[in-house]
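Here are the chains, one letter per residue:
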Protein chains: 2
Amino acid sequence: MATAAARAVAKSTLKTPVVDIHTHLYPPFYIDLLKARTEIPYVRAFPPDNQIRLVNRAADNGRPMVPHFFDVKTKIAFMDHHNIDISVLSLGNPWLDFLPSDTAGQVAQEINDSTNSMCAEYPGRLYFFAALPLSAPPSVVFGEIARLKTVPYARGIVLGTSGLGHGLDDPTLIPIFKALVDASLPIFLHPHYGLPASVYGPHGKEYGQVMPLALGFPMETTIALACLILSGCFTVVPDLQIIASHSGGTLPFLAGRIESCIQHDRLLDSKGKINNPTRKTVWDVLKNNIYLDGVIYDKIGLQTATATSGVDRIMFGTDHPFFPPLDGGVEWPSMTVNLKAAKKTYEREEDYNLVMGGNAVRVLNLR
Amino acid sequence: MATAAARAVAKSTLKTPVVDIHTHLYPPFYIDLLKARTEIPYVRAFPPDNQIRLVNRAADNGRPMVPHFFDVKTKIAFMDHHNIDISVLSLGNPWLDFLPSDTAGQVAQEINDSTNSMCAEYPGRLYFFAALPLSAPPSVVFGEIARLKTVPYARGIVLGTSGLGHGLDDPTLIPIFKALVDASLPIFLHPHYGLPASVYGPHGKEYGQVMPLALGFPMETTIALACLILSGCFTVVPDLQIIASHSGGTLPFLAGRIESCIQHDRLLDSKGKINNPTRKTVWDVLKNNIYLDGVIYDKIGLQTATATSGVDRIMFGTDHPFFPPLDGGVEWPSMTVNLKAAKKTYEREEDYNLVMGGNAVRVLNLR
């Protein structure tokens, strides 16, 4: 199933490294920034044990900021324990969306530089998706994109589904997308906002975080990607490359239904948007513009993702350090379950190697 | 892949009929009921052409009520044109959710009887999923369930995702589920409410009905099924059988992620709900309690559905008369696209016949 280019890479590599492309790290500078804040999002110590927690929403007590979240040595230890050769780090949510316009540019630069320095401590083991100062004026955003070309370990940018605050189908994002294509920086797309809690009904909270994490996140990603495709963005920026978290949310499964709904929509028809030869279908975009991570925890999901985008477009990931093992042990199911799914899915060694690292090495130039 | 029982049915049938288990019809009595209403939902004539439309939401102009929606002759003509032998009719949304408590029982009875009469006009061609008077007192609901056992063409009930108004994980539904099991009436689960329009962002409306229909509906179904599974309902009512619309929304694709989120959830762990031996996993429920219709418009989605639930649990459907062809022709893509997907997916004739009708004949006793 692999293309000639992908096969060439797979064959030319004596041992294909295992690459984790979905793995988060908050540089200590970012934790300090959140500690200094008095409004959500912030980091602060909570009683009774004074554990520091990152609070993203007024409704919850936040997430314990254990060293896995900010300590590069702990990340490397996690990688070593699980035989991960290379990690492509990204800032976790809430990224930089909350920064005031006038300081966002400077803060983004410091965060990207400090992440780059962490990567430089472990040459060849760490790369990263940079954060963009999206709340800053456009010139600042473009400036940071241009600067990232000279930041040695930056290999793309991490983007939330709200983009500049108005969704990924916001036309003002188009020049930014073009600048990213020109800079050869793919987008690592990640959910953050989920769905309104009301959609889980009066009993949704009884299931802990299952509804927002298991359903809200992938649905948010699916909506964002569908809006982006429907907006016609991929006609205007045909080379835009997106690495979609959690195997694209649910886009691979719903692609047929979305296309059918498009084909039956009177408004789109009246605008001449259905049979327009320049239209990129969901299938086109899944095959030419979207990479899917392998964070789907089962063979069936991984097969579906592979069927829509091709084995050249699936990249292994763990989502570390989210989903820590409940037993506090050193075996992380987020690694072992996704690894097992890949082993069961890709019976050909060549395909397995592409997904476990070959695709990331080729696409993100991890040499 | 088929079980022995399924194979026996497939072999014993000289020609397996083609059965459409997802096909809606509003009996004229129901249209008249909606015409008499002054509050949404209602049916009324709209200028400039006085076409009658069913309005479900204040935000839109509703759906044209062409004869496909209420005329049984038109349904039969659609079936004949597309070589459908049997249709299992269901009322379309908004069902009977809006009825006042004191009249719901009587209205449900009249609607079910009038649908049964339509089925009786075409013996062997039509069966139906009955509507329940969910807004009526429990005794009325139980009474109608008991009565349905004597209604010749009733083969189950249609249920919206909100159940009695508080979700499918509402504990007060449990006795109703038990009564349905006792009456051998499976539930045909159908979405209606979608997601709040805000989740599609400021540009979502530019894509006509694509976002609410292509994404809102399957996400609503997925949330409802996930809540039902998490509630532990299938431990208490282990024989509950649900036929899930639109191939389960996105449940087959997200099953692995939902299970992983359950395995990592501290609240569920603290309640002893994760490793509890009585817990039914998403996989258990998909294999033992859920049938998936084939309304997914592509081979990849159908393969995913089949991989999670087995070929014995997939049932062909069209969603007629929703999604009329834009060209006004007699070829309905909702039939032809789903048929083509089934042909591509099931290379073994035995499997194809099960999905196209054998499963429905066996499970719904369509003799």
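Conventions and cut-offs
- Every residue gets a number counted from 1 within its own chain, in the order that chain's sequence is written.
- Starting at A for chains and at 1 for ligands, labels are handed out in the order in which the entities are written.
- Predicted model: local features are reported for residues with pLDDT of at least 70 only, side-chain atom pairs are reported and counted for 80 or more only, and whole-chain, interface and lining totals are derived from all residues.
- Based on all heavy atoms of the structure, the side-chain values leave hydrogens and waters out of the count.
- The contact criterion used throughout is that any non-hydrogen atoms of two residues lie within 4.5 Å.
- Here the quantity called buried area is the total loss of accessible area, with a 1.4 Å probe, experienced by two parts when brought into contact, counted for both.
- The salt bridge criterion pairs a side-chain nitrogen of Lys or Arg with a carboxyl oxygen of Asp or Glu, the two atoms within 4 Å.
- Only DSSP runs of H or I reaching four residues or more are called helices, and only runs of E reaching two or more are called strands; each is numbered from the N terminus.
- Residue polarity follows a fixed list, in which Ala, Val, Leu, Ile, Met, Phe, Trp, Tyr, Cys and Pro are nonpolar, Asp, Glu, Lys and Arg are charged, and the others, Gly among them, are polar.
- Here the term buried applies to any residue with accessible area under 20% of the maximum for its type, exposed to any over 50%, and partly exposed to those in between, with areas from a 1.4 Å probe on protein chains only.
- Here the term right-handed applies to a crossover when the path leading from its first strand over the helix to its second strand runs clockwise, the strands being oriented away from the viewer.
- Two strands form a pair only when DSSP identifies at least two bridges running between them.
- UniProt positions are given in the numbering used here, feature names are shortened, and annotations may be inferred rather than shown by experiment.
- Here, nonpolar core means buried Ala, Val, Leu, Ile, Met, Phe, Trp, Tyr and Cys residues that are tied together by side-chain atoms lying within 4.5 Å of each other.
- Helices are assigned an expected span. That span is 1.5 Å times one less than the residue count.
- Lines fitted to the C-alpha atoms define the axes, with helices restricted to the stretch that makes contact. Angles between their N-to-C directions range from 0 to 180 degrees.
- A residue counts toward the fit only if its pLDDT is at least 70 in both copies, and the copies are then superposed by least squares on the C-alpha atoms of those residues.

Draft legend 1. View of the interface of chain A and chain B. Across the contact, 67 residues belong to chain A and 67 residues belong to chain B. Taken over both partners, the interface formed by chain A and chain B buries close to 5,700 Å², and the fraction arising from carbon and sulfur atoms is 73%. The interface formed by chain A and chain B includes 0 salt bridges. When residues of the side of chain A that touches chain B are traced back to their parent elements, those giving at least two are helix H7 (210–230), helix H9 (251–263), helix H10 (266–270), helix H12 (299–309) and helix H13 (333–345) of chain A. Tallying contributions element by element places H7 of chain A first for the side of chain A that touches chain B, with 13 residues. Class assignment of the residues belonging to the side of chain A that touches chain B gives a composition of 39 nonpolar, 18 polar and 10 charged.

Draft legend 2. Spotlight on the pairing of strand E7 (residues 154–160) of chain A. Residue and element names in this part refer to chain A. Of all 7 residues that make up E7, 7 are buried, and the element is covered over most of its length. Taken together, strand E6 (residues 126–131), helix H5 (residues 138–148) and E7 form a β-α-β motif whose crossover is right-handed. The pairing of E7 with strand E8 (residues 187–190) spans 4 bridges and is classified as parallel. Bridge pairing links Gly160 to His190 in E8. With helix H6 (residues 174–182) bridging E7 and the parallel E8, this β-α-β connection has right-handed handedness.

Draft legend 3. View of the pairing of strand E7 (residues 154–160) of chain B. Sheet analysis places strand E6 (residues 126–131) of chain B next to E7 of chain B, joined by 4 bridges and oriented parallel. Residue pairing across strands places Phe128 of chain B opposite Ala154 of chain B, the latter belonging to E7 of chain B.

Draft legend 4. Quick look at the UniProt feature "domain: Amidohydrolase-related" (unreviewed entry) in chain A. UniProt marks residues 19–366 of chain A with the feature "domain: Amidohydrolase-related" (unreviewed entry), using the numbering shown here. The distance from the first to the last C-alpha atom of residues 19–366 of chain A is 9 Å, and the span holds 43% helix and 14% strand.

Draft legend 5. Molecular detail of the nonpolar core. One finds Phe177, Leu215 and Ile258 of chain A together with Phe177, Leu215 and Ile258 of chain B to be the most contacted residues of the largest nonpolar core, which totals 258 residues. Aside from chain neighbours lying at most four places away, what touches Leu215 of chain B is Thr222, Ile223, Ala226, Leu254 and Ile258 of chain A together with Tyr200 and Val210 of chain B.

Draft legend 6. Molecular detail of helix H4 (residues 101–121) of chain B. Residue and element names in this part refer to chain B. Its 21 residues give H4 an end-to-end C-alpha distance of 31 Å, which sits within 8% of 30 Å, the value for a rise of 1.5 Å per residue. What H4 keeps buried is the set Ala104, Gly105, Val107, Ala108, Ile111, Asn112, Thr115, Asn116, Met118 and Cys119. Elements that come into contact with the buried residues of H4 comprise helix H2 (28–35), helix H3 (72–81), strand E5 (86–90), E6, helix H5 (138–148) and E7.

Draft legend 7. Just the sheet that holds strand E3 (residues 51–55) of chain B, in detail. Residues and elements named next belong to chain B. Pairing within the open sheet is antiparallel, and its 3 strands lie in the order E2-E3-E4. In this open sheet, the two strands that pair with only one neighbour each are strand E2 (42–46) and strand E4 (63–64). Here E2 runs beside E3; their pairing, made up of 5 bridges, is antiparallel. Paired with Val43 across the two strands is Leu54, which belongs to E3. Across the sheet, H2 is in contact with E2 and E3; its angle to E2 comes to roughly 75°.

Draft legend 8. Local environment of the relation of the copies chain A and chain B. When chain A is fitted to chain B, the best match, at an RMSD of 0.0 Å, comes from turning it 180° and sliding it 0.0 Å along the axis. The superposition operator between the copies reduces to a two-fold rotation axis. Looking at chain A, 100% of its interface residues are interface residues in chain B too, so the copies touch through the same face.

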